[in-house]
Each structure stands twice: as structure tokens, then as C-alpha cells.
Amino acid sequence: MTVKQLASLYGISSAAAWAKLGLTPIAGKNDDNENFTQANAKTLEKFAADNGVQELAFWEVDGYDKKVKYAYSKIFNQITG
């Protein structure tokens, strides 16, 4: 839905719209008690790479990623690094 909206708004292709999209989950335990795991991060990174998403980020590096030795950053750096 978002890609269609971006493509329509900017008059661009779907591929160009994906390239304007960024994804920002919360790494680890979320506010709703869901857990965004490193396996989830790998799946999201593959999805982003397959669709041409140009930005992956997540909330609170010190709060979530530092205690797992920056594992989420290492996963997301595959696309953003």
C-alpha cells in the first residue's frame, strides 16, 4: 500500500518508490511485548534487499543492540553499510 501511494504521489515507478522507503522496527522486546528477534531482522533485511529498500534502522542502539554486541546493526549493515 505504501509503495503504491509513494509511486502515485511522486509519479514514479514501484522500484523507485521502494528505494524511497525506510523501515524502522524496534529491536528486541517491543512496547506491545512482541519480540523482534535477530531472525526477524535477517528476514526483514532480505525483504528490503529483494525490494530495493534503501534504509533499515531501529530504535535505541544502546538500549537494545549494545547488549547483544550490535548484532542487529551487523545484520542491517548488509544493506545500509
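Below is a summary of the structure that appears in this document.

How each quantity is defined
Residues numbered from 1 in each chain as written. Predicted model: local features only at pLDDT ≥ 70, side-chain atom pairs only at ≥ 80, totals over all residues. Heavy atoms only, no water. Helix = DSSP H or I, 4+ residues; strand = E, 2+ residues; numbered from the N terminus. Buried < 20%, exposed > 50% of the residue type's maximum accessible area, 1.4 Å probe, protein only. Contact = heavy atoms within 4.5 Å. Areas by Shrake-Rupley, 256 points an atom, 1.4 Å probe, with all protein chains shown as cover. Lys, Arg positive; Asp, Glu negative; His and termini not counted. Charge placed at Lys NZ, Arg CZ, Asp CG, Glu CD. Arc of directions from axis to C-beta. Core = buried A, V, L, I, M, F, W, Y, C linked by side-chain atoms within 4.5 Å.

1. Description of the overall build of the chain
- In terms of regular secondary structure, the chain is built from five helices and four strands.
- When its helices and strands are written in sequence order, the chain yields α-α-β-β-β-α-β-α-α.
- In terms of principal-axis extent, the alpha carbons of the chain reach across some 45 × 30 × 20 Å.
- Within the chain, the fraction of its 81 residues that count as buried is 33%.
- For the chain, contacts bridging at least 24 residues in sequence account for 59% of all contacts bridging at least 6.
- Total accessible area on the chain is roughly 5,400 Å²; 51% of this is exposed by carbon and sulfur atoms.
- Charge-centre separation for the chain: the mean point of 9 positive side chains lies 5 Å from the mean point of 9 negative side chains.

2. A word on the side chain of Asp65
- Within the secondary structure, Asp65 is located in helix 4 (residues 61-65).
- Here Asp65 is in contact with Phe58, Glu60, Tyr70, Ala71, Tyr72 and Ser73, once residues within four sequence places are set aside.

3. Overview of helix 1 (residues 2-10)
- Within helix 1, burial applies to Val3, Leu6 and Ala7. Viewed end-on, helix 1 has its buried residues packed into an arc of 100 degrees, placing them on one side of the element. Opposite the buried face of helix 1, by more than 90 degrees, sit the exposed residues Lys4, Ser8 and Leu9.
- The inward-facing, buried residues of helix 1 contact helix 2 (14-19).

4. Describing the environment of Ala7
- Within the secondary structure, Ala7 sits in helix 1.
- With 13 residues separating them along the chain, Ala7 and Lys20 place their C-alpha atoms 9.6 Å apart.
- Here Ala7 is in contact with Ile12, Ser13 and Ala17, once residues within four sequence places are set aside.

5. Comments concerning the nonpolar core
- Counting residues in each nonpolar core, the largest one holds 20 residues, and the members touching the most others are Leu23 and Phe76.
- If you list the elements that add at least two residues to this core, you get helix 1, helix 2, helix 3 (38-51) and helix 5 (71-80).
- Setting aside anything within four residues of it in sequence, one finds Leu23 in contact with Leu44, Phe47, Ala48, Val53, Glu55, Leu56 and Ala57.

Shape descriptors only; they carry no functional weight alone.
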